[in-house]
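Each chain, written out:
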Amino acid sequence: MDRPQSLLFTIIYLVFYVVLIFFILKKEKILSIPKITSILKRMLAAVLFFLILLTAITVLTKLFIPLDTTSKIPKNQVILTSILKKNILSKILMIMYIAIFGPIIEEFCFRYLLIPLNSSKLYTVIGSIISTIIFTTLHLIGDFSNCSALINYTVISVGLVATYLLTRDIAQNTINHIFWNSILLIING
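Residues numbered from 1 in each chain as written. Predicted model: local features only at pLDDT ≥ 70, side-chain atom pairs only at ≥ 80, totals over all residues. Heavy atoms only, no water.

**Q** So what exactly am I meant to see when it comes to the overall build of the chain here?
**A** The secondary structure content of the chain amounts to seven helices and zero strands. Listed N to C, the secondary structure of the chain is α-α-α-α-α-α-α in terms of helices and strands. The buried share of the chain, taken over its 189 residues, is 33%. Within the chain, contacts between residues separated by at least 24 positions form 72% of all contacts whose residues are at least 6 apart in sequence. Summing over all exposed atoms, the chain offers an accessible surface of approximately 12,100 Å²; the carbon and sulfur share of this is 73%. (Helix = DSSP H or I, 4+ residues; strand = E, 2+ residues; numbered from the N terminus. Buried < 20%, exposed > 50% of the residue type's maximum accessible area, 1.4 Å probe, protein only. Contact = heavy atoms within 4.5 Å. Areas by Shrake-Rupley, 256 points an atom, 1.4 Å probe, with all protein chains shown as cover.)

Okay, here's the thing in structure tokens:
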């Protein structure tokens, strides 16, 4: 890993632990702060979601992918990067899709439609599994030999399913997904 990327991950982990400590102190009522606006709460939740997923992906990748192999860039990322390098109109449209429209459509299709919140636990579990399988499969674009991408997309999907089941709030899930895609778009250029 090159130096700027290492520095970025170090900063992200530091922010993650500061936010985590903040939430623990607040939950234990050790730290009292004035009322936080709802938008700020949603943004903090999205940041926490991002940092937890990033940590899970990093740990699982280190555990399951041998050190002597190099991870390939996922096919969908290669395709998106090639589109982003085209003319300015393609770049603008792709950025809007990746950062805004894609997450909205995916959350509606993969979480809201596939996971019945007001049904039995069995249907919710089945819907969650189907949602994760379809989300991961569509993002892999048939490249099932890429273990790193498989881990990444599975963790992202499980994280989004879990937050949807915990919060029962498709809007918060959509914000989490938009934040995730936007940060990765910034990091990957």
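Anyway, onward from the coordinates.
**Q** Please clarify how unusual backbone geometry should be interpreted in this entry.
**A** Backbone geometry places Arg168, a non-glycine residue, at a positive phi of 55°. Among the secondary structure elements, Arg168 is positioned in the loop between α6 (147-167) and α7 (170-188).

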